[in-house]
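# Report on the structure
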Amino acid sequence: GQQVMQIPQYQHVQEGEDFTTYCNSSTTLSNIQWYKQRPGGHPVFLIQLVKSGEVKKQKRLTFQFGEAKKNSSLHITATQTTDVGTYFCAGPRRGGADGLTFGKGTHLIIQP
Amino acid sequence: SQTIHQWPATLVQPVGSPLSLECTVEGTSNPNLYWYRQAAGRGLQLLFYSIGIDQISSEVPQNLSASRPQDRQFILSSKKLLLSDSGFYLCAWSVRTPGPSMAFGSGTRLTVV
């Protein structure tokens, strides 16, 4: 079955350092989505990437979709304490109506 | 605007007791609805999804069941809870054609003791 893998599982950074999480799918994806879950909260949609090689930016966050549409990355520049949380990537299952397959997430811990 | 409501926020239940978690969506019609479970510190596991009233698909064999008695209502149930049912249960929806994203409810933190 479809698998979505994320690395690293945990990442400790000093505030102000950069952070990157990587996502790999066992199958080609029509799109990839990223979500952020704050401690104690629920996942919140950040962005969707659709095109091969697509790069999107949201302030200090840069999202990239691989050329083969099987991998993606999220890069945060100059982390802040508000960036703490777990970042998940997710890809559509089968025809799309069947929901999303999520990676296990990368837990970002920031030390002030 | 569309909103999703999920309750209760937290629940502590003894082993063997029944369970009923409810989720409702407002501001949209014919949504695809989903129940996910998140074990402590882990990823999101899809439990059930529904594309319409009384149309439920189960993804993993387990001690749980789901029902959709109304278009915007999704219920997660169990007749007898197990310790392994503990976790964070999240209801979510996406628009039918095909949705750009999934919106989650605030979740129910279930502890079976």
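Right above here is the structure, for reference.
The structure contained in this document is the topic of the report that follows.

The rules we used
Residues numbered from 1 in each chain as written. Chains lettered and ligands numbered in written order. Predicted model: local features only at pLDDT ≥ 70, side-chain atom pairs only at ≥ 80, totals over all residues. Heavy atoms only, no water. Helix = DSSP H or I, 4+ residues; strand = E, 2+ residues; numbered from the N terminus. Rg over C-alpha atoms; globule rule 2.2 N^0.38 Å. Buried < 20%, exposed > 50% of the residue type's maximum accessible area, 1.4 Å probe, protein only. Contact = heavy atoms within 4.5 Å. Areas by Shrake-Rupley, 256 points an atom, 1.4 Å probe, with all protein chains shown as cover. Lys, Arg positive; Asp, Glu negative; His and termini not counted. Charge placed at Lys NZ, Arg CZ, Asp CG, Glu CD. Disulfide = S-S within 2.5 Å. Core = buried A, V, L, I, M, F, W, Y, C linked by side-chain atoms within 4.5 Å. Pairing = 2+ DSSP bridges. Axes fitted to C-alpha atoms, helices over the stretch in contact; angles between N-to-C directions. Salt bridge = Lys/Arg side-chain N within 4 Å of Asp/Glu carboxyl O. Polar contact = N/O pair within 3.5 Å; in protein donor to acceptor, adjacent residues only side chain to side chain.

### A look at the overall build of chain B
- Secondary structure assignment for chain B yields zero helices and eleven strands.
- Computed over the C-alpha atoms, the radius of gyration of chain B is 13 Å, within 12% of the 13 Å expected from 2.2 N^0.38 for a compact globule of 113 residues.
- Seen along its three principal axes, the alpha-carbon backbone of chain B occupies a region of about 40 × 25 × 20 Å.
- Counting across all 113 residues of chain B, residues that qualify as buried make up 48%.
- When contacts within chain B are restricted to residue pairs at least 6 apart in sequence, long-range pairs at least 24 apart make up 55% of them.
- Of the roughly 5200 Å² of accessible surface on chain B, a fraction of 54% belongs to carbon and sulfur atoms.

### Notes on the overall build of chain A
- Per the secondary structure count, chain A includes zero helices and eleven strands.
- Taken from the N to the C terminus, the helices and strands of chain A come in the order β-β-β-β-β-β-β-β-β-β-β.
- Its C-alpha atoms give chain A a radius of gyration of 13 Å, near enough to 13 Å, the size a compact globule of 112 residues would have.
- Each principal axis of the C-alpha atoms in chain A carries an extent, and together these give about 45 × 30 × 20 Å.
- Counting only residues that meet the buried cut, chain A has 47% of its 112 residues in that class.
- With an accessible surface of roughly 5400 Å², chain A has 51% of that area assigned to carbon and sulfur atoms.
- Distance between charge centres in chain A, computed from 12 positive and 7 negative side chains, equals 8 Å.

### Things to note about the state of the cysteines
- Counted under the stated rule, the structure contains two disulfides over all chains.
- Between C23 of chain A and C89 of chain A runs a disulfide, and the two sulfur atoms are separated by 2.0 Å. Across the S-S bond of C23 of chain A and C89 of chain A the torsion is about 80°, and the bridge reads as right-handed. Taken together, the residues C23 of chain A in strand β3 (residues 19-25) and C89 of chain A in strand β9 (residues 85-92) connect sequence positions 66 residues apart.
- Take C23 of chain A: its relative accessible area is 1%, and that puts it in the buried class.
- Since its relative accessible area comes to 0%, C89 of chain A is described here as buried.
- A disulfide bridge connects C23 of chain B with C91 of chain B, and the sulfur atoms are separated by 2.0 Å. The disulfide joining C23 of chain B to C91 of chain B has a torsion of about -75° about its S-S bond and is therefore left-handed.

### Some words on the nonpolar core
- Within the largest apolar cluster, 20 residues are counted, with the highest numbers of intra-cluster contacts made by W35, F48 and Y89 of chain B.
- Elements that contribute at least two residues to this core include exactly β3 (19-26), β4 (32-38), β5 (44-52), β8 (73-78), β9 (87-94) and β11 (108-112) of chain B.
- Sort the elements by how many residues they give to this core and β3 of chain B lands first, with four residues.
- Within the second largest apolar cluster, 19 residues are counted, among which are F19, F65, C89 and I110 of chain A.

### A short note on the sheet that holds strand β7 (residues 61-65) of chain A
All names here are of chain A.
- The strand order β1-β3-β8-β7-β6 describes an open sheet built from five strands, whose pairing is antiparallel. The outermost strands of the open sheet, each flanked by one partner alone, are β1 (4-7) and β6 (55-58). With direction set aside, neighbouring strand axes in the sheet form an average angle of 15°.
- Bridge count for β1 against β3 is four bridges, and the pairing is antiparallel. Looking at the pairing, Q6 lines up with C23 of β3.

### What to know about the interface of chain B and chain A
- Listed per partner, the contact involves 21 residues of chain B and 21 residues of chain A.
- Counting across the chain B and chain A interface gives one salt bridge.
- Residue R93 of chain A pairs with E59 of chain B through a salt bridge whose shortest N-O separation is 2.5 Å.
- The tally of links between chain B and chain A comes to four residue pairs in polar contact (both at pLDDT 80 or more).

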